[in-house]
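# Survey of secondary and tertiary structure
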Amino acid sequence: MSSLSRELVFLILQFLDEEKFKETVHKLEQESGFFFNMKHFEDQVQAGEWDEVERYLGGFTKVEDNRYSMKIFFEIRKQKYLEALDRQDRAKAVEILVKDLKVFASFNEELFKEITQLLTLDNFRQNEQLSKYGDTKSARNIMLIELKKLIEANPLFRDKLAFPSFKSSRLRTLINQSLNWQHQLCKNPRPNPDIKTLFMDHSCTPNANGSRPPPTNNPLVGPIPKAGAFPPIGAHGPFQPVVSPSPGAIAGWMSNPNPSMPHPAVAAAPPGLVQPSSAAAFLKHPRTPTGVTGMDYQPADSEHLMKRIRTGPAEEVSFSGVMHGSNAYSQDDLPKAVVRTLSQGSNVMSMDFHPQQQNILLVGTNVGDISLWELGSRERLVHKPFKVWDTQAASMPLQTALVNDATISVNRCVWGPDGLMLGVAFSKHIVQIYTYNPTGELRQHLEIDAHVGGVNDIAFAHPNKQMCIVTCGDDKVIKVWDAVAGRRQYTFEGHEAPVYSVCPHSKENIQFIFSTAIDGKIKAWLYDCLGSRVDYDAPGLWCTMMAYSADGTRLFSCGTGKDGESHLVEWNESEGAIKRTYSGFRKRSSEVVQFDTTRNRFLAAGDEFQIKFWDMDNTNVLAAVDADGGLPASPRLRFNKEGSLLAVTTTDSGIKILANNDGVRLIRMLESRAMEKNRGTSDPINTKPLIVNALGPIGNVSNAVAPTLERADRIQPAASISSLGNMENSRLVDVKPRIPDDLDKIKSWKISDIADPSQMKALRLPDSTTAGKVVRLMYTNNGLALLALASNAVHKLWKWPRNDRNNPSGKASAYVVPQLWQPPNGILMANDVNDNKPAEESTACIALSKNDSYVMSASGGKVSLFNMMTFKVMTTFVSPPPAATFLAFHPQDNNIIAIGMEDSTILIYNVRVDEVKTKLKGHQNRITGLAFSQTLNILVSSGADAQLCVWSIDGWEKKKTRFIQAPTGRQSPLVGETKVQFHNDHTHLLVAHETQIAVYDSKLDCLRSWSPKDALAAPISCAIYSCDGLLVYATFCDGAVGVFDADSLRLRCRIAPSAYIPSFSLSSNPSYPLVVAAHPSEPNQIAVGMTDGSVHVVEPSDAELKWGGTPSQDNGPSNSSNPSASGQASELPSR
């Protein structure tokens, strides 16, 4: 339901309450679930109307929703039960016990037994806990206090306990305003109209002689009636008198929309696109009466249509003629202060800020080189002179062009949307694509001989969810290239002059490209090779560039004509017409004026040796700055993503960085961190990443370990944006120390190696069924059972019997054989599967509720919610594609779950209302791990892109990201499953990847890491903390299990596969553990799920009691202290 429909419900509630329809009010409160009337609830409880109490509650929550709800219903039913006992109505008490209270037995069997025993007492007050129970009235009042606390703490009641604040009789006022407006539109308005119905629009009947009423001198629009002035329904009195405007005024409004209106609703498509019959139609919202905000309450069956038309955020309605909110910005938000001056050394042609690391600036020049600058330290991180990467593959036209004239310029350089790739368009034929990897290096990715002549523009796009590169050139053609392999996918021909710029965009899943040519023509293209859909003329009829506002709802263009006249305009997409023209340019410009947009509010252009700013909703210049002088006549410029920094070119082949207050704070913070780094020269090399200038001496490296600089053009930044709270982390390079030969000769450590079954206790769990490999494994929270999910989408549950001799607690143990449990109906707990993809090839995921009563699981199909007692499916949701790949319950509300998806997004999903609350985007590959920290109030995600992301639970905004670093000898960047788990303290994070296990702090700084080596050299398959947080268990792809001290990641013990797999040495194709689970209360017990489908429970023998002894200080290659004592290099990520 939209926000307007929700508000309408509140208006109706107010109206019903004012009209004294009390029962109807409470029924609507219950059925809508929008407002919980605590006063009504209290009255019903104090009156003992228990059926009404539960019926009213049922509109907001159910017993099983969460622990708060369960407690609320339990307290109510317990009170009802005690009152029946107090009346000596045993039959009613038994009925309540069986019908109402038995549902709680599965959650607390002992409590249910105790409640049942009250039936045997003559007076339940004989029970010690109920000895102070008074009379019925006082007991209800005491219970009410507890219920109110539970309701206020229950997240399902959040924002439902307070009625919105608005004036009385608001619905009447709106109706009166509507009738006033209808009366103004009457052709024959009468001075005292008689309103007899609301079922039809009002229209005054003409006078008998057809004449109009005499004119008046009153204001054009009559007064709005006072609240409550509209007569009660059923007693229609005369309508409020109003004065009609002149017909000329009305006609003028209809033909000339109010110029103060910012813009009509934007069509959900590029301007004027003519779709083929198979394409979705582009809809236009009908205009409301001129100058008036449309207020169309849509019926339920048209909700989907409104959602397609809306271009704003969810729950926000965009109607024709709706004005933008009041301007919450000021000139202080404009970046005006010069905070940096960079000397590039050649004329800057193009600039672009990194989309995430907003202190990294990409620069391209007129001699063909590109550079990366880190603004905090003023360091040039990368400098790449132009060269053809593969001269043998160069086309003859390119070779000829370079032979005739070797000079080449960068026409455009731009980052990809995720910051992992950048593209450079050159003035001769080619584009070059670099990857920007987690170590901060630029690596050659693609070199494309794209156009004949110059390549004038380059941009990244995502048609069909595939990263592509869009280019245009002097050959009058636009081309689209696959960003992975460089294959050409589309060619768009139709321009009659060289194409100057491209602007890819999408709306409502419709992907398109705007292009401009130097003859002033603007065209629009769909990705279908069916030709241009639009043919407009740009103002000035020469070089023009187009850009959208950050939210993608407003389209602008800026260009200069051959006569030197510059034009900055906003377009009405739905009509292909100019909506607004901005003034303030000088009469003659010698160059093409460049522009940029920021914050969905400001425009900036370089003109008249200045930077000029406009408010998007005002055509006059808002401000102009000269950046302390030294700017060219038409400086090039570029905002960073947040609009806090602005890069501007200078006449002396340099760049000035302008900042607003936020930008100044950012730069100062980066400076202070650079100074701290420079002062900390005595730190060990692996406690903090070194800040090294490749051209200068290295002053803080010990003689034993000297760094090797891998690239001559690589200059390490002095500070990283990763240290800032709400900004993305830096992925800049970490200096890798070279390990001297004598350190490489260190032998395997002396560790406790368990290789024989007699040295430990291991139990293979009974399983008569054949299944695929075990892909997920977990203990129940009470430690009494073990749940496995196999690759064939079938779950298995083992329960341990309670035995007074061998197992009085009934907990899982390697000394007692459990039962492979099934409910009496004998059904299997099997996941939904995807018909297009076998379950064995899908990523499985599973999560267990805190009370062990239900499990959520998926194996490539829908996510299923199972009852753990009956194995029945309670519900399914989130149909593929994409499929769910990881699940995690919210720590405070079992109804909220985080769902990692195959398409790299994370859904925050409310199971109870079957609604996706929000979608988180930040990864580049499928999600492989999710971990909540209630202490830090964050969610940490990990993906197959080896990236970690931190999200705030409050607003779900992304706070920080970091890529895990590749160990020495491993190719970077890393890929593959990366899993995360919080320590018991909820501040330290265990990260597991096949190349390493590592512990990170809350700022995503790596505290220590360990990589496979020597006795444990195989890739890591899984890792987990012990329940007490003192140990880390890691399983390996050769079948071994490593036990590590959690605080140092030093190896305590190695469990060889032969110790728990008796036939391991005889097998030609030995299995190994894919997953490991730690017992929730026994820190030395683990279970491992194997590739052959078996599950083993492993724990130390009675003689050992725990794994290994205290490790010696020289027995582990942990990199948390001195690297000279380690057999491998430091793996600390850069800061």
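To keep things clear, this report deals only with the structure shown in the data block. For clarity, every value in this text was computed on a predicted model and none was experimentally measured.

### A word on the overall build of the chain
Along the backbone of the chain there are 15 helices and 59 strands. Per-residue burial over the chain gives 54% buried out of 1135 residues. When the accessible surface of the chain is summed, it comes to about 50,300 Å², and 51% of that surface belongs to carbon and sulfur atoms.

### Description of helix α3 (residues 38-47)
Taken together, the buried positions of α3 are Met38, His40, Phe41, Glu42, Gln44 and Val45. Looking at the packing, one finds that the buried side of α3 touches α2 (22-32), α4 (50-57), α5 (67-86) and α8 (136-153). Within two residues after α3, Gly48 carries a phi angle of roughly 75°, on the positive side.

### Quick notes on the nonpolar core
One finds Phe36, Phe41, Leu57, Ile76, Tyr81, Leu82 and Leu101 to be the most contacted residues of the largest nonpolar core, which totals 40 residues. Elements with a minimum of two residues in this core: α3, α4, α5, α6 (90-101), α7 (109-117) and α8. Counting residues per element, this core draws most heavily on α5, at 10 residues. If sequence neighbours within four positions are ignored, Ile76 has contacts with Phe41, Trp50, Val53, Glu54, Leu57, Met143 and Leu147.

### Looking at the packing of aromatic side chains
For the coordinates displayed, the defined rule picks out 28 aromatic pairs. Pairing Phe36 with Phe157 gives two aromatic rings, centres 5.0 Å apart and planes at 85°, and the pair type is edge-to-face. Here Phe36 is found in the loop between α2 and α3, whereas its partner Phe157 is found in the loop between α8 and α9 (170-184), with 121 residues between them in sequence. Both residues of the pair, Phe36 and Phe157, belong to the buried class. Here the aromatic rings of Tyr56 and Phe60 are separated by 5.5 Å at their centres, their planes lie at 55°, and the arrangement is tilted. For Phe60, a relative accessible area of 0% corresponds to the buried category. Of the aromatic side chains, those joined through ring pairs into one cluster are Phe10, Phe34, Phe35, Phe163 and Phe166. Seen from the ring of Phe34, Arg6 lies directly overhead, with NZ or CZ sitting 4.4 Å from the centre.

### Remarks on the side chain of Arg580
Counting through the fold element by element, Arg580 comes out in strand β21 (residues 577-582). For Arg580, a relative accessible area of 9% corresponds to the buried category. For Arg580, the side chain forms a polar contact with the side chain of Glu570, separated by 2.4 Å.

### Some remarks on the layout of surface pockets
Quantified by volume, the second largest pocket comes out at close to 1,500 Å³. What lines the second largest pocket is a set of 44 residues, and nearest its centre among them are Met778, Asn781, Leu930, Gln981 and Ile1024. Looking at the lining of the second largest pocket, the elements with two or more residues in it are β33 (774-779), β37 (845-848), β41 (884-889), β45 (927-933), β49 (979-982), β50 (989-993), β53 (1020-1025) and β57 (1073-1078). Its residues assigned to classes, the lining of the second largest pocket comprises 29 nonpolar, 12 polar and 3 charged.

### Looking at the side chain of Ser1026
Residue placement: Ser1026 occurs in the loop between β53 and β54 (1031-1036). Here Asp1028 takes part through its side chain, which lies 2.6 Å from a polar atom of the side chain of Ser1026. Excluding residues within four positions of it along the chain, Ser1026 makes contact with Leu1031, Tyr1033, Ala1078 and Pro1083.

### Points about the pairing of strand β19 (residues 555-560)
By the criterion of burial, β19 is predominantly enclosed, with 6 of the 6 residues buried. Neither face of β19 is exposed, since Leu555, Ser557 and Gly559 on one face and Phe556, Cys558 and Thr560 on the opposite face are all buried. As defined by bridge partners, strand β18 (residues 543-548) adjoins β19 across 6 bridges and the pair is classed as antiparallel. Looking at the pairing, Tyr548 lines up with Leu555 of β19. In the sheet, β19 pairs with strand β20 (residues 566-572) via 6 bridges, with the strands oriented antiparallel.

### A closer look at the sheet that holds β20
Here 4 strands make up an open sheet; going across it, the order is β18-β19-β20-β21 and the pairing antiparallel. Every other strand in the sheet has two partners, leaving β18 and β21 as the edge strands with one partner each. In this sheet, neighbouring strand axes are inclined to one another by 30° on average, regardless of whether the strands run parallel or antiparallel.

### Some points on the pattern of salt bridges
Applying the stated rule across the entire model yields 41 salt bridges. The salt bridge partner of Glu915 is Lys917, with a shortest N-O separation of 2.9 Å. The residue Lys979 makes a salt bridge to Glu977 at a minimum N-O spacing of 3.6 Å. Each of Arg554, Glu570, Lys579, Arg580, Arg601, Asp615 and Asp617 takes part in one network of salt bridges that share partners.

### Details of the sheet that holds strand β23 (residues 602-607)
Across the sheet, which stays open at both edges, the 4 strands sit in the order β22-β23-β24-β25 with antiparallel pairing between neighbours. A strand with exactly one partner marks an edge of an open sheet, and here the two such strands are β22 (595-598) and β25 (621-625). Averaged over all neighbouring strand pairs, the angle between strand axes comes to 20°, with direction disregarded. Pairing of β23 with strand β24 (residues 610-615) involves 6 bridges; the strand directions are antiparallel.

### Overview of α9
Taking 1.5 Å of rise per residue, 15 residues should cover 21 Å, and α9 covers 21 Å from first to last C-alpha, within 8% of that figure. Turning to α9, its buried residues are Leu171, Arg172, Thr173, Asn176, Leu179, Asn180, Trp181, Gln182, His183 and Gln184.

Rules used in this analysis
- Residues numbered from 1 in each chain as written.
- Predicted model: local features only at pLDDT ≥ 70, side-chain atom pairs only at ≥ 80, totals over all residues.
- Heavy atoms only, no water.
- Helix = DSSP H or I, 4+ residues; strand = E, 2+ residues; numbered from the N terminus.
- Buried < 20%, exposed > 50% of the residue type's maximum accessible area, 1.4 Å probe, protein only.
- Areas by Shrake-Rupley, 256 points an atom, 1.4 Å probe, with all protein chains shown as cover.
- Contact = heavy atoms within 4.5 Å.
- Core = buried A, V, L, I, M, F, W, Y, C linked by side-chain atoms within 4.5 Å.
- Phe/Tyr/Trp six-rings, centres within 6.5 Å; stacked < 30°, edge-to-face > 60°.
- Lys NZ or Arg CZ within 6 Å of the ring centre and 35° of its normal.
- Polar contact = N/O pair within 3.5 Å; in protein donor to acceptor, adjacent residues only side chain to side chain.
- 1 Å grid on protein atoms, 1.4 Å probe; cavity = no way out; pocket = protein on both sides within 12 Å on 5 of 7 lines; lining within 4 Å.
- Points joined across faces, edges and corners; volume = space filled by probe spheres on them.
- Nonpolar A, V, L, I, M, F, W, Y, C, P; charged D, E, K, R; others polar.
- Pairing = 2+ DSSP bridges.
- Axes fitted to C-alpha atoms, helices over the stretch in contact; angles between N-to-C directions.
- Salt bridge = Lys/Arg side-chain N within 4 Å of Asp/Glu carboxyl O.
- Expected span 1.5 Å × (residues − 1).

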